[in-house]
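Remarks on the overall topology
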Amino acid sequence: MSATEHSITSDSDALVSSTDPLHPANLIPELCAAFYKLGWVTGTGGGICIRTGDKVYIAPSGVQKERIESSHIFVMPYPQDEPSPHTDRIFLRRPTLNLKASACTPLFWNAFDLRNAGSCIHTHSQNAVMATLLWPGPVFRISHQVILMIKGVRIGGNGRALSYLDTLVVPIIENTPDEEDLKDSMEEAMKQYPDAAGVLVRRHGVYVWGDDWQKAKTQTECLDYLFEIGVKMKLAGLPTVLNE
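I will try to describe carefully the structure that is included in this document. Quantities reported herein were computed from a predicted structural model and do not represent experimental measurements. (Residues numbered from 1 in each chain as written. Predicted model: local features only at pLDDT ≥ 70, side-chain atom pairs only at ≥ 80, totals over all residues. Heavy atoms only, no water.)

1. Some details on the nonpolar core
Within the largest apolar cluster, 47 residues are counted, with the highest numbers of intra-cluster contacts made by Ile28, Ile48, Phe112, Met186, Tyr207 and Trp209. Broken down by element, the residue count for this core peaks at 6 residues, all from helix H2 (residues 24-38). Those residues in contact with Tyr207, other than ones at most four positions away along the chain, are Cys104, Leu107, Phe108, Cys120, Ile121, His122, Glu179, Met186, Ala197, Gly198, Val199 and Val201. Counting 21 residues, the second-largest nonpolar core is a separate cluster that includes Ala128, Ile150, Ala197 and Val208. (Core = buried A, V, L, I, M, F, W, Y, C linked by side-chain atoms within 4.5 Å. Buried < 20%, exposed > 50% of the residue type's maximum accessible area, 1.4 Å probe, protein only. Helix = DSSP H or I, 4+ residues; strand = E, 2+ residues; numbered from the N terminus. Contact = heavy atoms within 4.5 Å.)

Structure below.
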């Protein structure tokens, strides 16, 4: 390796080398391991990205989620164009291993560009998948639920908190064989339902965003609870929206 190549590698590795536990390159492996224990990211699917200023930190594809390390993290500049799922992307840092950035990357970009999100989480939660199967239409709807759960969801993902009297509406888009190809339909759903804090993908999972990783995580947890209770209510023959 030449001196120039060594310098470039060292500089890029510095982007993911930190003793700060709240550094995105340390947080992403920790959060993925936690989501693995919840059953949200089993196998190598699902994940999280974190945007801090002009940098986006993204988990790799194809790595066991509970075994991701900071050295596996990709770093991309923000903003940059994501006009199509298959466009070449600009990276500030790639792992030295033969890894690919998460297939969710184009969908994460929707959250950044359309909601100015600081983080986006994608899970394959069975609660989310079941919700898309029991609600055959274009949206999941539920109202009058535990205050702290529905209050944990914000209008548009970063607006005011929902109240007990509000009806939560989450759009559902149809799945595709390749995850990258969900970008356009997710974007359309986010524009059609600007108050939604996430987008469900039928027979697949959910994407949730927030101003930062804490708010994205909180909303993902609250939405997952609401998906679960909604599914149980539906299977018990109970209405999920009152006063209709």
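So that's the structure; there's more coming.
2. Observations concerning the layout of surface pockets
Quantified by volume, the second largest pocket comes out at close to 160 Å³. As for the second largest pocket, its lining consists of 15 residues, of which Ile155, Thr167, Val169, Asp195 and Ala196 are closest to the centre. By residue number, the principal contributor to the lining of the second largest pocket is strand E8 (residues 167-173), which donates 3 residues. A per-class count over the lining of the second largest pocket returns 9 nonpolar, 2 polar and 4 charged. (1 Å grid on protein atoms, 1.4 Å probe; cavity = no way out; pocket = protein on both sides within 12 Å on 5 of 7 lines; lining within 4 Å. Points joined across faces, edges and corners; volume = space filled by probe spheres on them. Nonpolar A, V, L, I, M, F, W, Y, C, P; charged D, E, K, R; others polar.)

3. Remarks on the pattern of salt bridges
Using the criterion set out here, one finds 8 salt bridges in the structure. Among the ionic pairs, Lys183 bridges to Glu187, the shortest N-O distance being 3.6 Å. A residue pair is termed a helical-turn pair when its members lie 3 or 4 positions apart in one helix, as Lys183 and Glu187 do in helix H6 (residues 183-192) at 4 residues. Within this structure, Lys183, Glu187 and Lys191 form a network of salt bridges that share partners. (Salt bridge = Lys/Arg side-chain N within 4 Å of Asp/Glu carboxyl O.)

4. Considerations on a nonpolar patch on the surface
The grouping of Met130, Leu133 and Leu235 at the surface amounts to a nonpolar patch, some 270 Å² of accessible area in total. Take Leu133: it is sitting in helix H4 (residues 126-134). (Patch = residues over 30% accessible without salt bridge, like charges linked within 9 Å, V, L, I, M, F, W, Y side chains within 5 Å. Areas by Shrake-Rupley, 256 points an atom, 1.4 Å probe, with all protein chains shown as cover.)

5. Some points on the packing of helix H3 (residues 105-115) against H6
As a packed pair, H3 and H6 sit with axes 9 Å apart at the nearest point and diverge in direction by 25 degrees. When the interaxial angle is binned, H3 and H6 end up roughly parallel. By crossing handedness, the relation of H3 to H6 is classed as right-handed. On H6, the residues touching Pro106, Leu107, Asn110, Ala111, Leu114 and Arg115 of H3 are Lys183, Met186, Glu187, Met190 and Lys191. When grouped by side-chain class, the residues that make up the contact of H3 with H6 number 6 nonpolar, 1 polar and 4 charged. (Axes fitted to C-alpha atoms, helices over the stretch in contact; angles between N-to-C directions. Parallel < 35°, antiparallel > 145°, perpendicular 65-115°, else oblique. Left-handed = near helix turned anticlockwise from the far one by under 90°.)

6. Section: the side chain of Thr132
With respect to the secondary-structure elements, Thr132 resides in helix H4. Ignoring sequence-local partners within four residues, the contact set of Thr132 consists of Ile172, Leu200, Val201, Arg202 and Arg203.

7. Comments concerning the environment of Glu174
Mapped onto the elements, Glu174 comes out in the loop between E8 and H6. Distance in space between the C-alpha atoms of Glu174 and Thr132 is 9.3 Å, their sequence separation being 42 residues. Within the structure, the side chain of Glu174 is placed 2.9 Å from the side chain of Arg202, a separation counted as a polar contact. (Polar contact = N/O pair within 3.5 Å; in protein donor to acceptor, adjacent residues only side chain to side chain.)

Any functional reading would require information beyond the geometric quantities listed.
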